[in-house]
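A look at the structure
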Amino acid sequence: QYSIGFRNGDSNYHYIDRALRALSYEGKIDEISRKWFGTDNAVSFPSKKDALKDLGYIAERTFIIGVDLDSAPLAFQSGEEYIGFDIDLAQAVCDRLGWVLKVQPIHSENAFVELNSGNIDCAWGGMVLEQTDSKDSKKKQKMTLTAPYLENRLLLIVRGDSKYRTGSSLKGTTVLLGTDETYMNALSGEEKLMKNFGAAQRVTGGSKACFEALAAGSCAAIVADSAALAYYTH
């Protein structure tokens, strides 16, 4: 589940939450979703008309978001530019609030540290920040999270013209995955599948690098998420 994280007690949460509700009501989030995923059903935000009305005067400021650039199509780098669904969404939020957006690349596993140190105002850009309902978890929670806006799944993906169609058919082959611990943790729980692979190789560059390698025929399969698959195939 993908959420947006803030320091506990930070008033920024309320501004961003209200702006997202307004943009959802206005159809702007659906527009951004269609651009990156080919559908307006990929993400879900609560909507509310005049959601910003109760905030009163909104002071101008620079708002710093921390993004993981290995999370295409949510956030990644193209040349000198940072792009992706979350980048466009954060820009739309800042435009709505009259703020200046600044993007700060971070690694998702360092989101808590980056927030608590004040280096960023929120952790966005493809952050896997799961909400929990248990009392113990809430006591230990290090940040305030928005409701999850994207339900993502990890997939084992092959080319459309590939001869590989089952996990067992991949025996002895090389499978690529990103460096994020999420991918390796998911694979580690599939012992039978792992035994089929000749190698599970981690590569920098996230899903973007994995899909490029798959397209070039450099590997038999990749492990990537459903959001990336929607982007690269729509």
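Before reading on, note that the structure itself is shown above.
Source: prediction; values computed, not measured.

1. Observations concerning the overall build of the protein
A tally of regular secondary structure across the protein gives nine helices and eleven strands. The C-alpha atoms of the protein give a radius of gyration of 19 Å, which matches the 17 Å a tight globule of 234 residues would have. When the backbone C-alpha atoms are referred to their principal axes, the protein occupies close to 60 × 40 × 30 Å. Per-residue burial for the protein yields a buried fraction of 45% across its 234 residues. Considering only intrachain contacts with a sequence separation of at least 6, the fraction spanning at least 24 residues in the protein is 75%. When the accessible surface of the protein is totalled, it reaches about 12100 Å², and 45% of it is carbon and sulfur. On the protein, the mean spot of the 26 positive side-chain charges and the mean spot of the 30 negative ones are 5 Å from each other.

2. Overview of unusual backbone geometry
With omega at 5 degrees, the peptide bond leading from A72 into P73 counts as cis. Of note, P73 is situated in the loop between β2 (62–67) and β3 (76–78). Of note, D50 is a non-glycine position whose phi angle comes to about 55 degrees, a positive value. Within the element layout of this structure, D50 appears in the loop between α2 (28–37) and β2.

3. Section: the pairing of β2
Counting buried residues along β2, five of its six residues qualify, which places the element largely inside the surrounding structure. As paired strands, β2 and strand β5 (residues 100–105) are joined by six bridges and run parallel to one another. When the sheet's bridge partners are listed, V67 is paired in β5 with P105. The pairing of β2 with strand β6 (residues 122–123) spans two bridges and is classified as parallel. In the sheet register, I65 faces β6, and the bridge partner there is C122.

4. Remarks on the sheet that holds strand β10 (residues 199–203)
Strand order in this open sheet of four strands is β8-β11-β9-β10, and the pairing throughout is mixed. Since the sheet does not close on itself, it has two edges, and those belong to β8 (154–157) and β10, each with one partner. When the angles between neighbouring strand axes are averaged without regard to direction, this sheet yields 25 degrees. Pairing analysis gives four bridges linking β8 to strand β11 (residues 221–225), with the strands arranged antiparallel. Note on β11: the bridge partner recorded for I157 is I222. Sitting on the sheet, helix α9 (residues 226–233) is in contact with β8 and β11, with an inclination near 105 degrees to β11.

5. Here's the deal with the state of the cysteines
Applying the stated criterion to the full structure yields zero disulfides. No disulfide involves C210; its sulfur sits 7.2 Å from that of C219, the nearest cysteine. On the accessibility criterion, C210 (1% relative accessible area) is buried.

What counts, and where the lines are drawn
Residues numbered from 1 in each chain as written. Predicted model: local features only at pLDDT ≥ 70, side-chain atom pairs only at ≥ 80, totals over all residues. Heavy atoms only, no water. Helix = DSSP H or I, 4+ residues; strand = E, 2+ residues; numbered from the N terminus. Rg over C-alpha atoms; globule rule 2.2 N^0.38 Å. Buried < 20%, exposed > 50% of the residue type's maximum accessible area, 1.4 Å probe, protein only. Contact = heavy atoms within 4.5 Å. Areas by Shrake-Rupley, 256 points an atom, 1.4 Å probe, with all protein chains shown as cover. Lys, Arg positive; Asp, Glu negative; His and termini not counted. Charge placed at Lys NZ, Arg CZ, Asp CG, Glu CD. Pairing = 2+ DSSP bridges. Axes fitted to C-alpha atoms, helices over the stretch in contact; angles between N-to-C directions. Disulfide = S-S within 2.5 Å.

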